[in-house]
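The residues making up each chain are set out below.
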Amino acid sequence: APAGCRPAPATIAVRVGELPAPVCLHVGETLTITAPPSAAQPWQPMTVSDEMLLTCTSQHGAQGSLTAVCHALKRGTAAVSTMTAPFSGDPHGPAQFIWTLTIEILPAA
């Protein structure tokens, strides 16, 4: 793997307050990303910086959780992001949380 990333595990969990280190995927590989329950501020669908390189399909779960399955399509670098919804009960309530992971896509293994 290049110096800037580590091989991606099969699943990565979103952790509030964490800035995850970049990971590497090979073309054709899949990565599952799970976000924990967040009932008051549900997680939004995963967004991808370049859908020519990587696609992600998001599925909402119980209590505002999220599972996204991402497929590496072409060599390059893409970022995937999700964020919690604005807090609807109180405009001064909890802030939104944004989580981003950089993925370096390598040639097929």
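As a reminder, the structure under discussion sits directly above these lines.
Okay, so let's go over this structure. Here the structure is a predicted model, which is why all the values come from computation and not from measurement.

Regarding the environment of Thr 77
Now for step 1: With respect to the helices and strands, Thr 77 occurs in strand β8 (residues 76–83).
Now for step 2: Separated by 55 residues in the primary sequence, Thr 77 and Pro 22 place their C-alpha atoms 9.8 Å from one another.
Now for step 3: If we ignore the near neighbours within four places in the chain, the residues touching Thr 77 are Leu 53, Thr 102, Ile 103 and Glu 104.
Now for step 4: A polar contact is formed between the side chain of Thr 77 and the side chain of Glu 104, at a distance of 2.6 Å.

A few points about the state of the cysteines
Now for step 1: Taken as a whole and assessed by the stated rule, the structure comprises two disulfides.
Now for step 2: Each sulfur in the disulfide pair Cys 5 and Cys 24 lies 1.6 Å from the other. Here Cys 5 and Cys 24 share a disulfide; its torsion about the S-S bond, 70°, makes the bridge right-handed. Taken together, the residues span a long stretch of sequence, with Cys 5 in the segment before β1 (6–7) and Cys 24 in strand β3 (residues 23–26) at a distance of 19 residues. For the pair formed by Cys 5 and Cys 24, the shared burial category is buried.
Now for step 3: What pairs with Cys 56 in a disulfide is Cys 70, and their sulfur atoms sit 2.0 Å apart. Here Cys 56 and Cys 70 share a disulfide; its torsion about the S-S bond, 110°, makes the bridge right-handed.

So, the nonpolar core
Now for step 1: Core analysis: the largest hydrophobic core is formed by 24 residues, its most contacted members being Ile 33, Leu 54, Val 80, Trp 99, Leu 101 and Ile 103.
Now for step 2: Apart from the residues lying within four places of it in its own chain, the contact partners of Leu 101 are Ile 12, Pro 20, Ala 21, Val 23, Leu 31, Ile 33, Ala 78, Ala 79 and Val 80.

What about the pairing of strand β7 (residues 66–72)?
Now for step 1: Covered by surrounding structure in β7 are Leu 66, Ala 68, Cys 70 and Ala 72 only, the residues Thr 67, Val 69 and His 71 on the alternate face being uncovered.
Now for step 2: The pairing of strand β4 (residues 30–35) with β7 spans six bridges and is classified as antiparallel. Among the inter-strand pairings, Ile 33 is bridged to a residue of β7, identified as Ala 68.
Now for step 3: Here seven bridges tie strand β6 (residues 54–60) to β7, and the two strands are oriented antiparallel to one another. Looking across to β7, one finds that Gln 59 is bridged to Thr 67.

Conventions we followed
- Residues numbered from 1 in each chain as written.
- Predicted model: local features only at pLDDT ≥ 70, side-chain atom pairs only at ≥ 80, totals over all residues.
- Heavy atoms only, no water.
- Helix = DSSP H or I, 4+ residues; strand = E, 2+ residues; numbered from the N terminus.
- Contact = heavy atoms within 4.5 Å.
- Polar contact = N/O pair within 3.5 Å; in protein donor to acceptor, adjacent residues only side chain to side chain.
- Disulfide = S-S within 2.5 Å.
- Buried < 20%, exposed > 50% of the residue type's maximum accessible area, 1.4 Å probe, protein only.
- Core = buried A, V, L, I, M, F, W, Y, C linked by side-chain atoms within 4.5 Å.
- Pairing = 2+ DSSP bridges.

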